[in-house]
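# Coordinate analysis (summary)
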Amino acid sequence: MTAQPLLEVQDLTVEFTTRRGIVKAVQHVNISVARGETLAIVGESGSGKSVTSYAVMRILDRAGRIAEGSVMFSGIDVKAATEGQMRDLRGREVSMIFQNPRAALNPIRKVGDQIEDVLRTHVQQAMVSDHGEKAIEALEQVKIARPRERYHAYPFELSGGMCQRVVIALALACNPQLLIADEPTTGLDVTTQKAVMDLIVELTKRKAMSTILITHDLGLAAAYCDRVVVMEKGRVVETAKAADIFANPQHPYTKKLMRATPRLGVSLRDLLPEEEGAASAEPAPAVAAIAEGQQPLLLIEKLVKEYPRQGATATLGKLFGRKPPVEPDVFRAVDGISFSIGHGESVGLVGESGCGKSTTSMMVMRLLDQTSGLIQFDGEDIGGIQPAAFARLPQRSRIQMVFQDPTDSLNPRFTAARAIVDPIMQLGDIRGRDALRARCEELATMVGLPHNLLDRFPHQLSGGQKARVGIARAIALHPKLVVLDEPTAALDVSVQAVVLNLLQDLKARLGMSYLFVSHDLNVVRLLCDRVIVMRTGRIVEEGSSEQVLSDPQDSYTKELLTAIPHPPLQIH
Amino acid sequence: MSTVAPAVEPGPARTSGLVAILEQTRYVLGENKVTGFSFALLIVILLAAIFGPYTVPYDPLASDTAAALKAPSAAHWFGTDQLGRDIFSRVVVATRLDTFIAVASVVLVFLMGGLAGIAAGYFGGWTDRIVGRIADTIMAFPLFVLAMGIVAALGNTVQNIILATAIVNFPLYARVARAEANVRRNAGFVQAARLSGNGEFRILLVHILPNIMPIMIVQMSLTMGYAILNAAGLSFIGLGVRPPTAEWGIMVAEGAGFMVSGEWWIALFPGLALMIAVFCFNLLGDGLRDIVDPQRRT
């Protein structure tokens, strides 16, 4: 191998000018990428991993600038290059894949045209005369089925995984030397993630390209990269070979990150940093002691939710009436599922996007009306009550929910305290300012939210703090059942570890039942006694967590499990 | 509970809501000189509206035929009109009436259009269709002609000018409010409010309305200028306030005939006042948009 690395970042410092003075987002970072190497930059939000890659491409926004250090890309000084040189470099020599594939594609242009745009700008290969052959070839490379038809598709006609493939095709169209992938699979299902990552690795290997993979997921970094750079708060804290870093992490932050990553063979407590994990006693095992004959807390039978299809095909089919409609007029989002949750039990509802798990939870929450089926809660049939009427009934306070996005689920104009007491003011029996405040502080203590944060607005709180506010609000009315809709999906792994432990403790303490809706089997296993795996509106497998994860029966469950990238972790 | 220690998570320095707003205002005014200027103008206009009638040198209605049609001088800064009334006094005194009409009509249209729009966006369905069609119907007319028609039909009073101006602006408010409420109707915090036992109307007023207020305030400032113009325009063509009341639109109308004979000051000064007021509210709207826009809070 030549001594000259493809990309050499030395002592890089990036500053952002803000109202509160200059913020150094990245400080004294050294990174080098050899030809043909795959490097992972791992870190939690705010660690500066994305800013580093933007500096390499020199696409920092106006407030940001490279203050110190140098970026050399195969002999070119990126810092001193003119904008024209950079434009040549971007796309042809260095290209980038962004997190949200749909946002990266122009929604009103056909994907084939978009690929040709890139080709025309950089290599003048694709002339009008070749009838899109080059673009079709590019689509073929990323294994898109029927590329000739997809050439004419608009981004909204393709699934998330398909869109990401198109973005990869765009990025690789000009055979760049370096590919920067910024969280390329966040937001995709695990099976899609595996397919996309396998594709990226295969293509870059074949073309002998270098890759920088920016991710928060240690498992992903371990599975696909040669070397790993760990960043924390704008600094590189550790650089090592992928195999070494997992076997023998040096920096305390790396160790903490690894501990916090959910994986096989560990309990919830193991995720916490050592000193905290040791200090806290193992929680009492969830007492899912459902006495024989005792009624389950929640009983779902043959639950169905149908949506009318409103596609052009259906309408046209009706108008012309010649061809019988290919698809039925209704779409079954949830197709006759039955399950139960016992008192004090936590049940995981797992599946990929579109499997109907969220629809199911919305119907249980009575935010959505079911088409048919029985929902029995604590012996009462609540399925017959209209969602609008349910809001004022006493049962409302018995079923509560923790939402997926802590930011979206808090009213931006309410303080944390106001958000927490909102259910009490509507449905609770505590009246009076002081009593409410006292209850609010009690709840804040329970969820580990410092009292001085109670008067802040959501935008003044961190993600973990917002999640705690959401949990405090959900438990404010002593609910019997709490639906957790991916409560940690938007959080960093270390915060996720803390929040999961908190949920476990609260459950043991308050005797609640959980319905945990998630796409992440690893996380579900930690918190749940039983797991239900859903696919296309049906339950494909159901059983105790250990059994489903260690000995899956259904082929789909097996596929889900193998798709999860596992870091080869051994933490003693 | 000792099992989970509250994690030390970074948070911004503690600032109360009011202080933050004042700081933001100061920042925007400092960054944007034009906005600062428009705020200063607004203060001048408000002072004139409140204290004008008590401080002007002449009675705005007192005629003095000996001093008719005098050019601006030390005694009469803006000159006098055909009846010898002091134009400076009349321009200043008219500020109160004109801003009152504008403010009242904007508040009225906010109550009608804003609330109807929020309801349309939140409930959808028939509410949405009815509000939408009302807005479409109003938009089908040339707006000033519609305002003329309303005043002509209902009668020449200040209340009817306010009403006409409000109705003409209805579609603007209804559409903005509808769009804003529509994107929030299924937001997480609205779902959470439902789980907390809030009824639909309570969600609308307590949870959604406050989130839409910033954009509505910007809208109000931007339409304020139009409201002033509309009121003055109605008076100009004789459908609004009646002479001899001091009002910018009437004064411009009265002075227009004298322009050809060289007495330019009669129409010019009330026209300038009108222009400055409209200008001020439009600039203010742009500035307010910066203040309420969280994107600017970097």
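What you are looking at is a predicted structure, and each value in this text was computed from that prediction instead of being measured.

## A closer look at the overall build of chain A
A count of helical and extended segments in chain A gives 22 helices and 20 strands. In chain A, the share of contacts with a sequence separation of at least 24, taken over all contacts with a separation of at least 6, comes to 69%. Total accessible area on chain A stands at roughly 24800 Å², and carbon and sulfur atoms take up 52% of it.

## Observations concerning the pairing of strand 19 (residues 530-535) of chain A
All names here are of chain A. In terms of burial, strand 19 is largely enclosed, as five of its six residues are buried. Two elements, strand 13 (residues 346-350) and strand 19, share four bridges in a ladder whose sense is parallel. Within strand 19, the position partnered with V347 by the bridge is R530. For strand 19 and strand 20 (residues 538-544), the ladder comprises six bridges, and the chain directions are antiparallel.

## A short note on the environment of G36 of chain A
Residue and element names in this part refer to chain A. You can see G36 is positioned in the loop between strand 2 (21-33) and strand 3 (38-42). G36 sits 175 residues away from T211 along the chain, and the two C-alpha atoms are 7.5 Å apart. Apart from the residues lying within four places of it in its own chain, the contact partners of G36 are A208, M209, S210 and D226.

## Observations concerning the pattern of salt bridges
Residue and element names in this part refer to chain A. Within the structure shown, the criterion is met by 30 salt bridges over all chains. Note that K49 and E183 form a salt bridge whose closest N and O atoms lie 3.9 Å from each other. Of the two residues, K49 sits in helix 1 (residues 49-57) while E183 sits in the loop between strand 7 (178-182) and helix 8 (190-206), which places them 134 residues apart along the sequence. Side by side, K49 and E183 carry an identical accessibility label, which is buried. Between E306 and R332 there is a salt bridge, and its shortest N-O distance comes to 2.8 Å. Of this pair, E306 sits in strand 11 (residues 298-308) while R332 sits in strand 12 (residues 330-341), placing them 26 residues apart in sequence. A relative accessible area of 39% places R332 in the partly exposed class.

## Overview of the sheet that holds strand 6 (residues 94-97) of chain A
All names here are of chain A. Read from one edge to the other, the open sheet built from six strands follows the order 6-7-8-3-9-10, with strand pairing classed as mixed. Each having just a single partner strand, strand 6 and strand 10 (235-241) make up the two edges of the open sheet. Here the strands of the sheet are splayed against their neighbours by 15° on average, with no regard to which way each runs. Here four bridges tie strand 6 to strand 7, and the two strands are oriented parallel to one another. Paired with V94 across the strands is L178, a residue of strand 7. Against the sheet, helix 7 (residues 160-172) engages strand 6 and strand 7, with an angle of about 175° to strand 6.

## Overview of unusual backbone geometry
All names here are of chain A. Here K302, not a glycine, exhibits a phi torsion of approximately 45°, which is positive. Structurally, K302 can be placed in strand 11. Looking at K302, the relative accessible area reads 60%, which means it is exposed. Not every positive phi belongs to a glycine, and R366 is a case in point at roughly 60°. Since its relative accessible area comes to 1%, R366 is described here as buried.

## Regarding helix 18 (residues 463-475) of chain A
Spanning 13 residues, helix 18 of chain A covers 19 Å between terminal C-alpha atoms, matching the ideal 18 Å at 1.5 Å per step. Considered for burial, the residues of helix 18 of chain A that qualify are G464, Q465, K466, A467, R468, V469, G470, I471, A472, R473, A474 and I475 of chain A. As for helix 18 of chain A, its buried residues are in contact with strand 16 (399-402), helix 16 (416-427), helix 17 (433-446) and helix 19 (493-510) of chain A together with helix 7 (188-195) of chain B.

## Notes on the packing of aromatic side chains
How two aromatic rings sit relative to each other is set out by the distance from centre to centre and by the angle between their planes. The tally for this structure, following the rule as stated, stands at eight aromatic pairs over all chains. Look at W264 of chain B and F269 of chain B: their rings are 6.2 Å apart centre to centre, the planes differ by 45°, and that puts the pair in the tilted class. Taken together through their ring pairs, the aromatic side chains of W77, F78, F88, W264, W265 and F269 of chain B make up a single cluster. Over the ring of Y307 of chain A we find K305 of chain A; its NZ or CZ atom is 5.3 Å from the centre of that ring. Across from the ring centre of W126 of chain B, 4.7 Å away, lies the NZ or CZ of R129 of chain B, which sits over that ring.

## Side note on the nonpolar core
Residues I168, L506 and L527 of chain A are the most contacted members of the largest nonpolar core, which totals 111 residues. Of all the elements, helix 7 of chain A adds the most residues to this core, at nine residues. Both domains that meet at this core, namely domain 1 (7-93 + 176-260) and domain 2 (343-370 + 385-563) of chain A, each give it at least three residues. Sequence-distant contacts of L506 of chain A, defined by excluding residues within four places in its chain, comprise M446, V447, I471, I475, G511, M512 and Y514 of chain A. The next biggest cluster of nonpolar side chains, apart from the first, holds 66 residues, and it includes I87, A227, C280 and L284 of chain B.

## Regarding the pairing of strand 3 of chain A
A large share of strand 3 of chain A lies buried, amounting to five of its five residues. Every second residue of strand 3 of chain A is oriented toward a common face, with T38, A40 and V42 of chain A on one face and L39 and I41 of chain A on the other, all of them buried.

## Section: the UniProt feature "transmembrane region" (unreviewed entry) in chain B
All names here are of chain B. Feature annotation in UniProt places "transmembrane region" (unreviewed entry) on residues 34-54, 100-122, 134-155, 161-177 and 264-284, given in this structure's numbering. The span residues 100-122 shows a helical share of 100% and a strand share of 0%, and its end C-alpha atoms are spaced 32 Å apart. As a span, residues 161-177 carries 100% helix and 0% strand, and end to end its C-alpha atoms are 24 Å apart.

## Structural notes on the packing of helix 11 (residues 252-260) of chain A against helix 19 of chain A
Any two packed helices are characterised by how steeply their axes cross, that is the angle between the axes, and by the distance between the axes. All names here are of chain A. At a minimum axis separation of 8 Å, helix 11 and helix 19 run at an interaxial angle of 50°. Comparing the axis directions of helix 11 and helix 19 gives the class oblique. Helix 19 is crossed by helix 11, and the crossing has left-handed handedness. For the pair helix 11 and helix 19, the contacting residues are K256, L257 and A260 in the first and V493, S494 and A497 in the second. When grouped by side-chain class, the residues that make up the contact of helix 11 with helix 19 number four nonpolar, one polar and one charged.

## Considering the sheet that holds strand 5 (residues 76-77) of chain A
All names here are of chain A. Taken in spatial order, the four strands line up as 2-1-4-5 in an open sheet, and their pairing is antiparallel. Across the chains shown, the open sheet's two edge strands, defined by having one partner strand only, are strand 2 and strand 5. In this sheet, strand 5 lies alongside strand 4 (residues 64-73) in antiparallel orientation, the contact comprising two bridges. When the sheet's bridge partners are listed, F73 is paired in strand 5 with I76. Contacts from helix 1 reach strand 1 (7-18), strand 2 and strand 4, with the element oriented near 105° to strand 1.

## Brief notes about the packing of helix 5 (residues 143-154) of chain B against helix 6 (residues 158-184) of chain B
Residue and element names in this part refer to chain B. Viewed as axis vectors pointing N to C, helix 5 and helix 6 meet at an angle of 145°, and their least axial separation amounts to 9 Å. By crossing handedness, the relation of helix 5 to helix 6 is classed as right-handed. Where helix 5 abuts helix 6, its residues L143, L146, A147, I150, V151 and L154 lie against N160, I161, L163, A164, I167 and V168. Broken down by class, the residue content of the contact of helix 5 with helix 6 amounts to 11 nonpolar, one polar and no charged.

## As for the confidence of the model for chain B
Looking at chain B, pLDDT values average 83 and 92% of them are 70 or higher. Counting contacts from residues 1-15 of chain B, a segment whose pLDDT is below 50, to residues more than four positions away or on other chains yields 32 contacts.

Thresholds, definitions, all that
- Residues numbered from 1 in each chain as written.
- Chains lettered and ligands numbered in written order.
- Predicted model: local features only at pLDDT ≥ 70, side-chain atom pairs only at ≥ 80, totals over all residues.
- Heavy atoms only, no water.
- Helix = DSSP H or I, 4+ residues; strand = E, 2+ residues; numbered from the N terminus.
- Contact = heavy atoms within 4.5 Å.
- Areas by Shrake-Rupley, 256 points an atom, 1.4 Å probe, with all protein chains shown as cover.
- Buried < 20%, exposed > 50% of the residue type's maximum accessible area, 1.4 Å probe, protein only.
- Pairing = 2+ DSSP bridges.
- Salt bridge = Lys/Arg side-chain N within 4 Å of Asp/Glu carboxyl O.
- Axes fitted to C-alpha atoms, helices over the stretch in contact; angles between N-to-C directions.
- Expected span 1.5 Å × (residues − 1).
- Phe/Tyr/Trp six-rings, centres within 6.5 Å; stacked < 30°, edge-to-face > 60°.
- Lys NZ or Arg CZ within 6 Å of the ring centre and 35° of its normal.
- Core = buried A, V, L, I, M, F, W, Y, C linked by side-chain atoms within 4.5 Å.
- Domains from an automatic or database assignment.
- UniProt positions renumbered as here; feature names shortened; annotations may be inferred.
- Parallel < 35°, antiparallel > 145°, perpendicular 65-115°, else oblique.
- Left-handed = near helix turned anticlockwise from the far one by under 90°.
- Nonpolar A, V, L, I, M, F, W, Y, C, P; charged D, E, K, R; others polar.
- pLDDT = per-residue confidence, 0-100.

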